2 protein chains.
Amino acid sequence: MADDKLIKALQDIVGAKGVISEKDRLEDYSHDEFSLPTIKNLPQVAVRPNNADDISKILKLANKENIPVTPRGGGTGLCGGCVPAKGGILILFDNLNKVLEVDKENLMVVVEAGVILKDLYACVEKEGLFFPPHPGDDTATIGGVVATNAGGSRAVKHGTVRNFIRGLEVVLPQGDIINIGGKFIKNSTGFSLLHLLIGSEGTLGIITKATISLVAPPKETSTLVVPYNTIHDAIKTVPTIMKNNALPLAIEFIEADAIELTEKFTGKDWPVKNANPVRHYSANGSASGVSNGTKEYLLIIVDGEKDEVERISEAIADMCLKNNAKDVFVADGKTKQKEILEFRSQMYEAMKPNCIETLDIVVPISEVVNHVEVVHKIEKEHKIWLPTYGHAGDGNAHTHIMKFGFKDGRPDFSVKKDWQQVYPVVRDLIHEDAKKRGGMVSGEHGIGLVKKEYLADFLDEKQIGFMKSIKGIVDPKGILNPDKIF
Amino acid sequence: MADDKLIKALQDIVGAKGVISEKDRLEDYSHDEFSLPTIKNLPQVAVRPNNADDISKILKLANKENIPVTPRGGGTGLCGGCVPAKGGILILFDNLNKVLEVDKENLMVVVEAGVILKDLYACVEKEGLFFPPHPGDDTATIGGVVATNAGGSRAVKHGTVRNFIRGLEVVLPQGDIINIGGKFIKNSTGFSLLHLLIGSEGTLGIITKATISLVAPPKETSTLVVPYNTIHDAIKTVPTIMKNNALPLAIEFIEADAIELTEKFTGKDWPVKNANPVRHYSANGSASGVSNGTKEYLLIIVDGEKDEVERISEAIADMCLKNNAKDVFVADGKTKQKEILEFRSQMYEAMKPNCIETLDIVVPISEVVNHVEVVHKIEKEHKIWLPTYGHAGDGNAHTHIMKFGFKDGRPDFSVKKDWQQVYPVVRDLIHEDAKKRGGMVSGEHGIGLVKKEYLADFLDEKQIGFMKSIKGIVDPKGILNPDKIF
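Residues numbered from 1 in each chain as written. Chains lettered and ligands numbered in written order. Predicted model: local features only at pLDDT ≥ 70, side-chain atom pairs only at ≥ 80, totals over all residues. Heavy atoms only, no water.

Visitor: Now, about the overall build of chain A: what can you tell me, with residues and values included?
Guide: Along its length, chain A carries 14 helices and 20 strands. The dimensions of chain A, computed from C-alpha atoms along their principal axes, are 75 × 55 × 45 Å. Once local pairs closer than 6 in sequence are excluded, the contacts in chain A between residues at least 24 apart make up 75%. Of the roughly 17,500 Å² that chain A leaves accessible, carbon and sulfur atoms contribute 48%. With 59 positive and 66 negative side-chain charges, chain A shows a spacing of 2 Å between the two charge centroids. (Helix = DSSP H or I, 4+ residues; strand = E, 2+ residues; numbered from the N terminus. Contact = heavy atoms within 4.5 Å. Areas by Shrake-Rupley, 256 points an atom, 1.4 Å probe, with all protein chains shown as cover. Lys, Arg positive; Asp, Glu negative; His and termini not counted. Charge placed at Lys NZ, Arg CZ, Asp CG, Glu CD.)

Structural data, given as structure tokens:
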């Protein structure tokens, strides 16, 4: 369809202000957070619908005219899931940004899909409630985190976003609006279209509204930061912690080298360096310091009642020390905990300018240590820095394939790697290892465009065929988010 | 296919002993726990495959010869999900009864689909682990509880069976064997076929193996039994309890009249009648007794560390008393708790001989009290006993449509109702009310044959059409578990 005709048709649906067609304004919508230019593509036009009805009309038009349609939430994805790979219409959710209801009796919130996480947290907190999942970026939209079944650091105790979604309003690719689920908690009524839509990366329908379960906020939290001399000892501690009845909210593993880079990037010290305002249990009774030879940290968040938090923290500290932790710093004050988490959040920002790709491998928890050790063998062999950290409690290891070299056991910032050469080799090797350990290519980011080539390595032909057939049912012309996943 | 030819073909696959064709032996397989003869049907033949390969061969044969195939687990369902509605081959799982692995490092167990819950609990307990879900009947098979996404009383804190399933081996209707998921916890790799299969009632594939997450067992549990003078006050307490950060393992509501019937059936007293070995908090400082005018009980199980269990129990007792509970009995000894739970398990057995249908409605938690009040209005108006109890913490109310009359606010055992007259009227009215309150027809039992007629009342045409199309993809001839759900 010619530009002017399409623009006019879309303006008729959403109003003149809701249609963006200037090339320079469209540039921002040609990519997500994935760094390489390989997946970039401009949409023909971007549009800001006001509600599900608008989206229904757009999809009907698109079907009639064979125009690709791509939904884009916060654009915070790492796999190109919202890139308009075939051009066409890009759907923006800025106008679907209302929290429709906080239902305190049923502990649920009903939101439009364009509400960003930051606003959801604020609104829910104001009402004395808590949404546990915490995918990295606060500007991600609800529609986006549902579409990828996002996880983040706080998924150990309560699970990923999937566990919290009770209802969805979805516009199917041919324009039908369906309401799946509701405010009930359990459901065995027919196939779970709800769970099929969650994690389908906007290829089966466009999510416009979500009903989300909340929980009561924890009375207290404490954050443990645990330095180790070896990556092995740090990660080896995790299965032990998971065998406890009271699970922590989060168990992260972080490399000291990545922390150092973040310090440089932010100009701030890793908050446990100055250990003064932090209680600690140490192996030999005195603070051993964190800098001397520390290779890895565990970061553990414990929540509950005051006594419980103390008891669990102490038990975990004990497990860590038995697994050769150098020390255990316990931050229970709000300010210090916030500082630590903010620093943790900035780590990705610090890596980003020099990160080629963030991998998203999951393996059985018992295999995390072996997998990470193989990654570091590859790092040494191919002389490319591969800082690997993430959600140890879920077996989710984010290897960052960096543009820097690697020498004498440390990142070598003086060497810039050519991504076209070593990058494809290294990512193949890492994925091969994940496969060997019974793992999967994506734990929380999705497949999008970037990880498509690994799909057939991890899933057999029959499963991929089944998925493709499901796509074919609702989107026979393949207009919705084309080229993704498969 | 003629009987003898089919028997011979099946014997060639599973061996001579694995094929049952005698009419009197097949009789047991013509129904599940649903009481009415309306859904009964004999299979042509029943067969005991030894593994997924056998099932694959059977399905290939069935496709070639157009023979219906119905999988039957423990036969403990309540909706006819395992009834061979169109005759043909019935698949039994007696030979797929092995626990293949208990993986203590990853807190998982790998089992064949025919393992019954009782054996799973025993095996897992022996290894110092815990599988929280507790669907009513211990002889249900794993395959069956996955196929219905069963829940049971212990789903409040940890969720239903769905939340624990990480991997499935499934034989698709045309005989392909697929392995979905694995021992990893998170997954965003393509559409979730895992969650599509869970709850699909054996219509999309035959589950032959499952990888199941476990948790560490609670250090302590305590069971609170809380008598109330009104159903209203009892159920009204539940949303308050749910707003606590520390959720109980179970929150059940039980009617005193149903308890009385169970006492008669089992010849045993409701264990809290003799309150001696049970601590209690009472509204006026002294035991007020349970018999005088008690209409409803809450039964709450709290788990965790000793201190935590005491603290939560006390907090919940306080909430109950503020909501007009007459007393709060706390059983923390193992024997007393076991007695209470065994009595609770026998309630269904006591109702069964005179129960026409057990409904499985879910509504938002805030609506349970209103829904149950409407049920009791219907009970009074139509003079039919409708004891309603179940999983208050999940909003899952099991109304039992009984053959007895109802008079002066009590069941009237002298009147036997004619099920063909009042039953269809009453079940329509109750489902209408559930629909009005934003509820759903099945929370944990599934649709099977029995609840099919309500599907279109609760789901729109588009959703049902989507489900039917998915069925069409994998089972174009409609041979697997035909006539179910839709």
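Visitor: Lay out the packing of aromatic side chains with the relevant residues and their values.
Guide: Residues and elements named next belong to chain A. Within this structure, the stated rule accounts for 15 aromatic pairs over all chains. Taking 5.7 Å as the distance between ring centres and 75 degrees as the angle between the ring planes, the aromatic pair formed by Phe131 and Phe164 counts as edge-to-face. Of this pair, Phe131 sits in the loop between helix H4 (117-126) and helix H5 (142-147) while Phe164 sits in the loop between H5 and strand S7 (165-171), and the two are 33 residues apart along the sequence. The pair Phe131 / Phe164 is uniform in exposure class, with both members buried. Through a chain of ring-to-ring contacts, the aromatic side chains of Tyr121, Phe131 and Phe164 assemble into a single cluster. (Phe/Tyr/Trp six-rings, centres within 6.5 Å; stacked < 30°, edge-to-face > 60°. Buried < 20%, exposed > 50% of the residue type's maximum accessible area, 1.4 Å probe, protein only.)

Visitor: Please give an account of the interface of chain A and chain B that cites residues and values.
Guide: Between chain A and chain B, the contact holds 80 residues from the first and 80 residues from the second. Between chain A and chain B, the buried area comes to about 6,500 Å², and carbon and sulfur atoms account for 63% of it. It is A:Lys186, A:Phe191 and A:Phe466 in chain A that bury the most area against chain B; as a group they hold 15% of the surface buried on that side. Linking chain A to chain B there are 30 residue pairs in polar contact (both at pLDDT 80 or more). Sort the elements by how many residues they give to the side of chain A that touches chain B and helix H14 (residues 461-474) of chain A lands first, with nine residues. Considering only residue class, the side of chain A that touches chain B consists of 32 nonpolar, 32 polar and 16 charged. (Buried area = accessible area lost by both parts, 1.4 Å probe. Polar contact = N/O pair within 3.5 Å; in protein donor to acceptor, adjacent residues only side chain to side chain. Nonpolar A, V, L, I, M, F, W, Y, C, P; charged D, E, K, R; others polar.)

Visitor: Requested: an account of the relation of the copies chain A and chain B, with residues and values cited.
Guide: Placing chain A over chain B gives an RMSD of 0.0 Å and needs a rotation angle of 180 degrees, together with 0.0 Å of translation along the axis. The relationship between the two copies is best expressed as a two-fold rotation axis. Counting the interface residues of chain A, we find that 100% of their copies in chain B are interface residues as well, pointing to one common contact surface. (Least-squares fit on C-alpha atoms with pLDDT ≥ 70 in both.)

Visitor: Tell me about the packing of helix H8 (residues 256-266) of chain B against helix H10 (residues 334-351) of chain B, and please be specific about residues and values.
Guide: All names here are of chain B. The geometry of H8 relative to H10 is characterised by a closest axis approach of 9 Å and an angle of 85 degrees between their N-to-C directions. Regarding the angle of H8 to H10, the classification is roughly perpendicular. Contact residues: H8 offers Ala258, Ile259, Leu261, Thr262, Glu263, Phe265 and Thr266, while H10 offers Phe343, Gln346, Met347, Glu349, Ala350 and Met351. Here the residues of the contact of H8 with H10 sort into eight nonpolar, three polar and two charged. (Axes fitted to C-alpha atoms, helices over the stretch in contact; angles between N-to-C directions. Parallel < 35°, antiparallel > 145°, perpendicular 65-115°, else oblique.)

Visitor: Can you break down the side chain of B:Asp233 residue by residue, with the values?
Guide: Residue and element names in this part refer to chain B. Its location among the elements puts Asp233 in helix H7 (residues 231-242). Summary of buried charges: Asp233 has no salt-bridge partner, and the nearest side chain of opposite charge, Lys236, is 8.7 Å away. Excluding anything up to four places from it in sequence, Asp233 contacts Tyr228, Asn323 and Asn324. (Salt bridge = Lys/Arg side-chain N within 4 Å of Asp/Glu carboxyl O.)

Visitor: Explain unusual backbone geometry to me, using residue names and the numbers behind them.
Guide: Peptide bonds are, in most cases, trans, and in most cases residues other than glycine have a negative phi. All names here are of chain A. Here the phi dihedral of Asn149 falls at roughly 50 degrees; this positive angle occurs in a residue that is not glycine. Its location among the elements puts Asn149 in the loop between H5 and S7. Positive phi values are uncommon outside glycine, yet Asp483 reaches one of about 80 degrees. Note that Asp483 resides in the segment after H14. The exposure class of Asp483 is partly exposed, given its relative accessible area of 36%.

Visitor: Would you mind going over the sheet that holds strand S4 (residues 89-92) of chain A in detail, with residue names and values included?
Guide: All names here are of chain A. The strand order across the open sheet built from four strands is S1-S2-S4-S3, with neighbouring strands paired in mixed fashion. Since the sheet does not close on itself, it has two edges, and those belong to strand S1 (19-20) and strand S3 (69-72), each with one partner. As judged from the four bridges shared by S3 and S4, these two strands associate in the parallel manner. Bridge pairing in S4 links Pro71 to Ile91. Packed onto the sheet, helix H3 (residues 52-65) meets strand S2 (45-47), S3 and S4 and runs at close to 170 degrees relative to S4. (Pairing = 2+ DSSP bridges.)

Visitor: Give me the lowdown on H14(A), citing residues and values where you can.
Guide: An α-helical segment advances 3.6 residues per turn. Residues three or four places apart therefore align on the same side. Here H14(A) spans 21 Å end to end across 14 residues, near enough to the 20 Å set by a 1.5 Å rise per residue. Where H14(A) is concerned, the buried positions are A:Gln463, A:Ile464, A:Phe466, A:Met467, A:Ile470, A:Lys471 and A:Val474. When H14(A) is viewed along its axis, its buried side chains cluster within an angular range of 155 degrees and face the same direction. On its buried face, H14(A) sits against helix H6 (193-197) and helix H13 (452-458) of chain A together with strand S8 (177-181), helix H6 (193-197) and helix H14 (461-474) of chain B. Two or three places before A:Lys462, at the start of H14(A), stands the capping residue A:Asp460, its side-chain oxygen 3.1 Å from that residue's backbone nitrogen. (Expected span 1.5 Å × (residues − 1). Arc of directions from axis to C-beta.)

Visitor: Explain the domain arrangement of chain A to me, using residue names and the numbers behind them.
Guide: Often the size quoted for an interface is simply the accessible area lost on bringing the parts together. Looking at the assigned domains, one finds that chain A contains domain 1 (3-92), domain 2 (99-213) and domain 3 (218-345). In this structure, domain 1 of chain A and domain 3 of chain A have C-alpha centres spaced 43 Å apart. (Domains from an automatic or database assignment.)

Visitor: Kindly report on the sheet that holds strand S1 (residues 19-20) of chain B, identifying the contributing residues and their values.
Guide: Residues and elements named next belong to chain B. Taking strand neighbours across the sheet as the criterion, the four strands line up as S1-S2-S4-S3 in an open arrangement whose pairing is mixed. The two strands at the open ends of the sheet, each matched to only one other strand, are S1 and strand S3 (69-72). Against the sheet, helix H3 (residues 52-65) contacts strand S2 (45-47), S3 and strand S4 (89-92), and its axis sits at roughly 170 degrees relative to S4.

Visitor: Pulling in residues and values, what's your account of the pattern of salt bridges?
Guide: All names here are of chain A. If you walk through the whole model with that rule in mind, you get 64 salt bridges over all chains. Between Lys209 and Glu169 there is a salt bridge, with its nearest N and O atoms 3.7 Å apart. Of this pair, Lys209 sits in strand S9 (residues 206-213) while Glu169 sits in strand S7, placing them 40 residues apart in sequence. Note on Glu169: relative accessible area 12%, which makes it buried.

Visitor: So what's going on with helix H1 (residues 3-14) of chain A? Which residues, and what values?
Guide: Residue and element names in this part refer to chain A. In this model, H1 (twelve residues) spans 16 Å end to end at C-alpha, consistent with the 16 Å of a helix rising 1.5 Å per residue. Residues Leu6, Ile7, Ala9, Leu10, Ile13 and Val14 constitute the buried set of H1. Down the axis of H1, the sector holding all buried residues measures 165 degrees, keeping them to one side. Among the exposed residues of H1, those pointing more than 90 degrees away from its buried face are Asp4, Lys5 and Asp12. Tucked inside the fold, the buried residues of H1 contact S1, S2, H3 and S4. In the segment just after H1, Gly15 is the residue with positive phi, at about 95 degrees.

Visitor: Tell me about the confidence of the model for chain A, and please be specific about residues and values.
Guide: Per-chain confidence: chain A averages 94 in pLDDT, with 97% of residues scoring 70 or above. Here the complex is predicted with pTM 0.96, and the ipTM for its interfaces comes to 0.96. (pLDDT = per-residue confidence, 0-100.)

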